[in-house]
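As a plain string of letters, each chain reads:
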Amino acid sequence: RNCNFMLCNIFRFSANFNKITHLHVRTRTSDISVNHNRLETLKCDNELAVDSFRAKYNRLRDLQCIRLMKNLINLDLIGNKFENFHAKDFELMQNLHNLKLAENPLTQLGPDIFGNLNVLQYLIIENSIINHSEISTLYPNLTIVETPDEYVKMQFEFFKDPNV
């Protein structure tokens with residue numbers, strides 16, 4: 001049975017460990033946490049002023065609505081169904097500091113995906129099948145914290161050079 005929620009003018013929304021499959025965000029909700037659900041569909045009416053969005057271990061496949069959350073500081077999408085991303089996905093997220101994409105079936109990261117993320121400090125992409133040389137070539141300022149094998153199963157820390 002599907003479970004649907006609609007958020008309207010709620011400052012903080014937390015519905016972890018439920019069976020939510022669809023979420024509709026209509027207006028300002030500063031902090032949204034919907035971890036460990038069955039979330040497949042996320043709908044937004046327009047650009048949103050969300051600061052923190054956590055949707056770990058759901059079934060999300062695209063950032064169509066999330067890309068409209070222009071004030072995001074923290075984005076946690078660990079354990080979803082994302083296979084790839086496009087540059088426009090993160091285009092409006094210029095305040096993003098923390099980005100967690102681990103445990104998604106990511107197979108590629110194209111150029112300039114994180115190009116507009118000037119304040120990004122922490123990026124986690126572990127347990128994803130992404131070639132190490134691809135990451136190093138696309139993001140030379142990325143400091144790799146741990147690389148256990150030829151695939152990137154690691155945690156990244158992303159620090160932009162202040163002199164650049």
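This report concerns the structure included in the present document. (Residues numbered from 1 in each chain as written. Predicted model: local features only at pLDDT ≥ 70, side-chain atom pairs only at ≥ 80, totals over all residues. Heavy atoms only, no water.)

Some details on the nonpolar core
Just so we agree on the cut-off: In this description, a nonpolar core means a group of buried Ala, Val, Leu, Ile, Met, Phe, Trp, Tyr and Cys residues linked to one another through side-chain atoms lying within 4.5 Å. Each residue is assigned to one of three classes by its accessible area relative to the maximum for its type, calculated with a 1.4 Å probe on protein chains only: buried under 20%, partly exposed between the two thresholds, exposed over 50%. Strands are runs of DSSP state E lasting at least 2 residues, helices are runs of H or I lasting at least 4, and numbering of each runs from the N terminus. In what follows, a contact means two residues having at least one pair of non-hydrogen atoms within 4.5 Å.
The biggest cluster of nonpolar side chains holds 37 residues, and the ones touching the most others in it are Phe 53, Ile 66, Leu 75, Leu 77, Phe 90, Leu 99 and Leu 101. Among the secondary structure elements, those contributing two or more residues to this core are strand S3 (22-25), strand S5 (41-44) and strand S9 (122-125). Non-local contacts of Leu 77, meaning those with residues more than four positions away in its chain, are made with Phe 53, Ala 55, Leu 60, Leu 63, Ile 66, Phe 82, Lys 100, Leu 101, Ala 102 and Asn 104.

Considering the side chain of Asn 37
So the rule is basically this: Residues adjacent in sequence count toward polar contacts only when both atoms are side-chain atoms; beyond that, a polar contact is any pair of N or O atoms within 3.5 Å, and within protein one must be able to donate a hydrogen and the other to accept it.
For Asn 37, the location among the structural elements is in the loop between strand S4 (31-33) and S5. Asn 37 sits in the buried class, given a relative accessible area of 8%. For Asn 37, the side chain forms a polar contact with the main-chain nitrogen of Lys 19, separated by 3.4 Å. Among the polar contacts listed, one links the side chain of Asn 37 to the backbone oxygen of Asn 35, at a separation of 3.1 Å. Among all residues touching Asn 37, those that are not within four sequence positions of it are Ala 15, Asn 16, Phe 17, Asn 18, Lys 19, Ile 20, Tyr 57 and Asn 58.

Section: the pattern of salt bridges
Heads up, the condition is: A pairing counts as a salt bridge when a side-chain nitrogen of Lys or Arg comes within 4 Å of a carboxyl oxygen of Asp or Glu.
According to the stated counting rule, one finds 3 salt bridges in the structure shown. A salt bridge links Asp 31 to Arg 54; the shortest N-O distance between them is 3.1 Å. Of this pair, Asp 31 sits in strand S4 while Arg 54 sits in strand S6 (residues 52-54), and the two are 23 residues apart along the sequence. The residue Arg 59 makes a salt bridge to Glu 40 at a minimum N-O spacing of 3.6 Å. Remark: Glu 40 occurs in the loop between S4 and S5 and Arg 59 occurs in the loop between S6 and strand S7 (74-76); sequence separation between them is 19 residues. Under the relative-accessibility criterion, Arg 59 is labelled partly exposed at 37%. Among the residues examined, Glu 40 registers a relative accessible area of 43% and is labelled partly exposed.

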